[in-house]
Amino acid sequence: INHIVHNGGLYKRPFNEAFEETPMLVAVLTYVGYGVLTLFGYLRDFMRQWKIEKCQNATEREEQKDFVPLYQDFENFYNRNLYMRIRDSWNRPICSVPGAKVDMMERVSHDYNWTFTYTGRVIKDIINMGSYNYLGFAQKAGACQEAAAKVLSQYGAGVCSTRQEMGNLDKHEELEKLVARFLGVESAMAYGMGFATNSMNIPALVGKGCLILSDELNHASLVLGARLSGATIRIFKHNNMQSLEKLLKDAIVHGQPRTRRPWKKILILVEGIYSMEGSIVRLPEVIALKKKYKSYLYLDEAHSIGALGPSGRGVVEYFGLSPEDVDVMMGTFTKSFGAAGGYIAGKKELIDYLRTYSHSAVYATSMSPPVVEQIITSVKCIMGEDGTTVGRARVQQLAENTRYFRRRLKEMGFIIYGNEDSPVVPLMLYMPAKIGAFGREMLKRNIGVVVVGFPATPIIESRARFCLSAAHTKEMLDTALKEINEVGDLLQLKYSRRRLVPLLDRPFDETTYEETED
């Protein structure tokens, strides 16, 4: 009770997340499915070896057989025998703006997905439920497009230099000042690639003798940045504050291995919205622990900036917290702003340091001017500085669409992961055969979805991931929900057997729910 009351005081709003346990029968059948596929994979590899079946995967030439192999057959086993069966569910070529609806080039395969042939037909007006176009700024007409086109005619498409040489434009300076003002921090720096913003800046902040505490479900860019830094990395359970606090205590009590010296820095890496789980970081508790144990906090807001908070300022605003409590604020322009690149924001001393020591700042080519203008125009729209309320309306529309879509899917009986306010909505599929089947059946009904399986998720937690957008109308969502309901019945995907009732503001240890039979 003390834990609940104590942590309830940290939250200024309800915080409801659901992660329903995988039904036992479904888990067993999923493992059996992968087992059968693996057995047939070994059988097909045997047939390929004896030339009974044509071998289409990359292999060494006969004269290279004594060399160290370039292609490890066992490492590629999954790709050859499992992924190849459902490869048509990914890399589908889009030939339009990735807005609420898209046009897609039709393709067919005559060799079981090893190669594809384009038919020349374009499938029109597919409802796009997969792009990270949270605020609907991915569009070919409107203020953003007009501003970007004007800047393109004035500055051209490329800069052909780094920021430290001849590539520092007035537009870059304007963007960084605007981002800092938008986030409520002292300074900010923009980068041309969101992935590199993490992977190239973390090594500039920590190194040997430092400790990184990373959430187990952090994005690959955070993982790569942590590994490149040379710092010691320890993993805590996803969004589990007891696990994080235990690691912090151990780090301070025991210090570095062997020498027992204190760590030079302790850096906590978390994301605002986790893009595979649809969960939101328990930021008030993370900040409380960070202050208690005198560590630093690196917050990746790639999916949450623009998508959360009353005015789209991300997870910090969503919880009503101060930006000063986050040491390093990172985000990307690739999602809510319909552009490309990323940013680091925080105190002026931090940004001045990164301008000198970050590989991404020193060696990377500057951002393209039209892309910069797209970001500037969209941020001003969100802030209301364009003289309209369009930006605020889009943020509110996204929140409404998110709650409506999530509620309807749960009512249908699907297992849905994540926070009720997260625009990333994972629908659990589990079985390997249903990954490809769901994607294909939805495409037949003119709905474009993203399906995800192992190794991007745990082996028994394959899923379809929907991304909501402010550009989605209620009619579009109702159409999509109708088709999802139909495909769910066809493929028997309605696994949910419990109604989840969250307790007060989520307790301190692990998520606890009252489970009642329907």
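Residues numbered from 1 in each chain as written. Predicted model: local features only at pLDDT ≥ 70, side-chain atom pairs only at ≥ 80, totals over all residues. Heavy atoms only, no water.

Peer 1: Help me out: how do you make sense of the overall build of the chain in this one?
Peer 2: Tallying secondary structure elements over the chain gives 16 helices and 17 strands in all. A compact globule built from 518 residues should have a C-alpha radius of gyration of about 24 Å, and the chain, at 24 Å, falls within 12% of that. Seen through its principal axes, the chain has C-alpha atoms that stretch 65 × 60 × 60 Å. Counting all 518 residues of the chain, 53% fall into the buried class. Counting contacts in the chain only where the partners sit at least 6 residues apart, residues at least 24 apart contribute 70% of the total. Put simply, the chain shows about 24,400 Å² of open surface, and 55% of that area lies on carbon and sulfur atoms. If the 64 positive side-chain charges of the chain are averaged to one point and the 59 negative ones to another, these points end up 2 Å apart. (Helix = DSSP H or I, 4+ residues; strand = E, 2+ residues; numbered from the N terminus. Rg over C-alpha atoms; globule rule 2.2 N^0.38 Å. Buried < 20%, exposed > 50% of the residue type's maximum accessible area, 1.4 Å probe, protein only. Contact = heavy atoms within 4.5 Å. Areas by Shrake-Rupley, 256 points an atom, 1.4 Å probe, with all protein chains shown as cover. Lys, Arg positive; Asp, Glu negative; His and termini not counted. Charge placed at Lys NZ, Arg CZ, Asp CG, Glu CD.)

Peer 1: How do you make sense of helix α14 (residues 390–412) when you look at a structure like this?
Peer 2: One full turn of an α-helix is made of 3.6 residues, so residues set three or four places apart face in the same direction. Taking 1.5 Å of rise per residue, the 23 residues of α14 would be expected to cover 33 Å, and the 33 Å separating its terminal C-alpha atoms lies within 8% of that figure. Those residues of α14 not exposed but buried are G391, R394, V395, L398, N401, T402, Y404, F405, R406, L409 and M412. Its buried side turned inward, α14 meets α13 (369–383), β11 (418–419), β12 (424–430), β15 (462–467) and α16 (474–491). A positive backbone phi angle near 105 degrees is found at G413, which sits one or two residues after α14. (Expected span 1.5 Å × (residues − 1).)

Peer 1: Explain the sheet that holds strand β13 (residues 447–448) to me, please; I cannot follow it from the model alone.
Peer 2: By definition, the strands of a sheet pair up through backbone hydrogen bonds, in either a parallel or an antiparallel sense. Strand order in this open sheet of three strands is β2-β3-β13, and the pairing throughout is mixed. The strands lining the two open edges of the sheet, one partner per strand, are β2 (101–108) and β13. Judged from the six bridges that link them, β2 and strand β3 (residues 117–128) form a sheet pairing that is antiparallel. By the bridge assignment for β3, M104 is matched with I123. (Pairing = 2+ DSSP bridges.)

Peer 1: Would you explain unusual backbone geometry in this entry?
Peer 2: Omega for the peptide link from F454 to P455 comes to 10 degrees, which places this bond in the cis form. Summarising the element assignment, P455 is placed in the loop between β14 (450–452) and β15. Unusually for a residue other than glycine, C160 sits at a positive phi of about 65 degrees. Structurally, the position occupied by C160 is in the loop between α4 (143–155) and α5 (170–183).

Peer 1: Help me understand the pattern of salt bridges, please; the structure alone is not making it clear to me.
Peer 2: When charged atoms on two side chains of opposite charge get close, those side chains can pair. Enumeration over the complete set of coordinates arrives at 32 salt bridges. Taking the shortest distance from any N to any O, the salt bridge between R445 and E441 comes out at 2.7 Å. On the accessibility criterion, E441 (16% relative accessible area) is buried. One salt bridge in this structure joins D489 and K494, with 2.9 Å as the shortest N-O distance. The class of D489 is partly exposed, set by a relative accessible area of 47%. We classify K494 as partly exposed; its relative accessible area is 27%. Each of E441, K444, R445, K482, E483 and E486 takes part in a single network of salt bridges with overlapping partners. (Salt bridge = Lys/Arg side-chain N within 4 Å of Asp/Glu carboxyl O.)

Peer 1: Help me out: how do you make sense of the pairing of strand β4 (residues 187–191) in this one?
Peer 2: One face of the sheet, then the other: side chains in a regular strand alternate in exactly this way. Of all five residues making up β4, five are buried, and the element is well covered by its neighbours. The side-chain alternation of β4 yields two buried faces, one formed by S187, M189 and Y191 and the other by A188 and A190. Sheet topology places β4 next to strand β10 (residues 342–346); five bridges connect them, and they run antiparallel. Of the residues in β10, the one forming a bridge with M189 is I344.

Peer 1: How do you make sense of the UniProt feature "domain: Aminotransferase class I/classII large" (unreviewed entry) in the chain when you look at a structure like this?
Peer 2: Summarizing the sequence annotation, UniProt attributes the feature "domain: Aminotransferase class I/classII large" (unreviewed entry) to residues 124–484 in the numbering used throughout. The distance separating the terminal C-alpha atoms of residues 124–484 is 19 Å; by composition the span is 43% helix and 17% strand. (UniProt positions renumbered as here; feature names shortened; annotations may be inferred.)

Peer 1: Mind showing me how you'd approach the domain arrangement of the chain here?
Peer 2: In many analyses, interface size is given as the accessible surface area lost on bringing the parts together. Under the domain assignment, the chain is made up of domain 1 (19–128 + 389–499) and domain 2 (143–383). Using C-alpha coordinates to define each centre, domain 1 is positioned 29 Å away from domain 2. Facing 19 residues of domain 1, the contacting portion of domain 2 comprises 18 residues. Carbon and sulfur atoms make up 60% of the area that domain 1 and domain 2 hide from each other, which totals about 1,500 Å². The largest share of the area that domain 1 buries against domain 2 comes from R392, V395 and V424, three residues that together contribute 28% of it. In this structure, R463 and E277 form a salt bridge, with 2.9 Å as the shortest nitrogen-oxygen distance. Seen at the junction of domain 1 and domain 2, the total is eight residue pairs in polar contact (both at pLDDT 80 or more). (Domains from an automatic or database assignment. Buried area = accessible area lost by both parts, 1.4 Å probe. Polar contact = N/O pair within 3.5 Å; in protein donor to acceptor, adjacent residues only side chain to side chain.)

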